[in-house]
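Geometric and topological summary
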Amino acid sequence: DAGLHFRNLGGILHLRVKGKGNVTRVVLEGNAGELISGKSSVLLKEGTLPVTVMDESASASVSIVCDPAVKLSENAAVDFYFSLPSVEFVSGFTATFEFGAKGTLVKQTSKAQRVERSSILHMPEFAFADMPGQCVDLGLSVKWAAWNVGASRPEQYGDYFAWGETSPKPGLYSGE
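Before going further, it helps to examine the pattern of salt bridges. Scanning all chains against the criterion turns up 4 salt bridges. In this structure, the salt-bridge partner of R16 is E125, at a minimum N-O distance of 3.3 Å. With R16 in strand β1 (residues 10-18) and E125 in the loop between β11 (120-122) and β12 (126-127), this residue pair connects regions lying 109 residues apart in the sequence. E125 gets classed as partly exposed once you look at its relative accessible area, which sits at 40%. One network of salt bridges, with partners in common, ties together R16, K18, D79 and E125.

What follows is the structure, given as structure tokens:
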């Protein structure tokens, strides 16, 4: 049909990041489990735009593997682009930045965000203030972590552990 115009079926999510360290991987996930990568099909209905439908085997996450690692800068933002199907992140999304053996940092939004076909969703630039692997010298004989195990920022509680245990205990103090 001469009137069928596909253009792009998906869109782009654009993140701009400042900070220190070398990013080895970035993982993107919708906070409500939206399917964003894997097998899909296209529904065509006369008079409407094509719609991408993700297969039930599709994944709720997509990754950018940085090989070689991408060096962040405190002065100029580094761009990361995710190619996605048209999707509405109804509860926002989470981007996890991995720094190899140095750890991870997480950036999360809870506001609904929509990636539309044939367009780019530009997110505001952000900077990581604390980088993984940083330690605090309290003037004692050892250096301390800048934040708790299981946290990605100093203001987070992190995981709960029972005495002598090496794996976290979900809901240990929350009554779950």
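Moving on, there is more to tell.
A cis amide bond links D67 with the next residue in sequence, P68, at an omega value of 10 degrees. Mapping P68 onto the fold places it in strand β5 (residues 61-71). With a phi close to 60 degrees, S118 is a non-glycine residue in the positive phi region. Relative to the helices and strands, S118 is located in the loop between β10 (113-115) and β11. Residue S118 is classed as partly exposed on the basis of its relative accessible area of 36%.

For the rest of this paragraph, the subject is the nonpolar core. In terms of nonpolar packing, the biggest core is built from 26 residues, with L13, L15, L28, F80, L84 and F97 touching the most fellow members. Sorting the residues of this core by element identifies β1, β2 (22-30), β5, β6 (78-85), β7 (87-89) and β8 (93-98) as the ones contributing at least two each. Discounting chain neighbours no more than four positions away, the residues touching F80 are L13, H14, L15, V17, V23, V26, I64, C66, V70, L72 and F97.

The subject of this paragraph is the side chain of H14. Looking at where H14 falls in the secondary structure, it is placed in strand β1. Once residues lying within four places of it in the same chain are set aside, the contact partners of H14 are D79, F80, Y81, I120, L121, H122 and M123.

So, about the sheet that holds β2. Taken in spatial order, the 4 strands make up an open sheet running β5-β2-β8-β9, and their pairing is antiparallel. Each edge of the open sheet carries a strand with a single partner, namely β5 and β9 (104-109). In this sheet, neighbouring strand axes are inclined to one another by 15 degrees on average, regardless of whether the strands run parallel or antiparallel. Pairing geometry for β8 and β9, over 6 bridges, is antiparallel. Bridge pairing links A95 to K107 in β9.

For the rest of this paragraph, the subject is the side chain of T109. Assignment of secondary structure puts T109 in strand β9. Residue classification places T109 among the buried positions, given a relative accessible area of 18%. At a separation of 3.4 Å, a polar atom in the side chain of T109 contacts the main-chain amide nitrogen of K111. If we skip the residues at most four places from it in the chain, T109 touches N31, S91, G92 and F93.

Right, let's get into the pairing of β8. In terms of residue burial, β8 counts as a mostly covered element, since 5 of its 6 residues are buried. Pairing geometry for β2 and β8, over 6 bridges, is antiparallel. Its bridge partner being in β8, G30 is matched across the sheet by F93. The antiparallel hairpin formed by β8 and β9 contains 5 residues in its connecting segment, where G100 sits at a positive phi of about 60 degrees.

Reading guide: rules and limits
- Residues numbered from 1 in each chain as written.
- Predicted model: local features only at pLDDT ≥ 70, side-chain atom pairs only at ≥ 80, totals over all residues.
- Heavy atoms only, no water.
- Salt bridge = Lys/Arg side-chain N within 4 Å of Asp/Glu carboxyl O.
- Helix = DSSP H or I, 4+ residues; strand = E, 2+ residues; numbered from the N terminus.
- Buried < 20%, exposed > 50% of the residue type's maximum accessible area, 1.4 Å probe, protein only.
- Core = buried A, V, L, I, M, F, W, Y, C linked by side-chain atoms within 4.5 Å.
- Contact = heavy atoms within 4.5 Å.
- Pairing = 2+ DSSP bridges.
- Axes fitted to C-alpha atoms, helices over the stretch in contact; angles between N-to-C directions.
- Polar contact = N/O pair within 3.5 Å; in protein donor to acceptor, adjacent residues only side chain to side chain.

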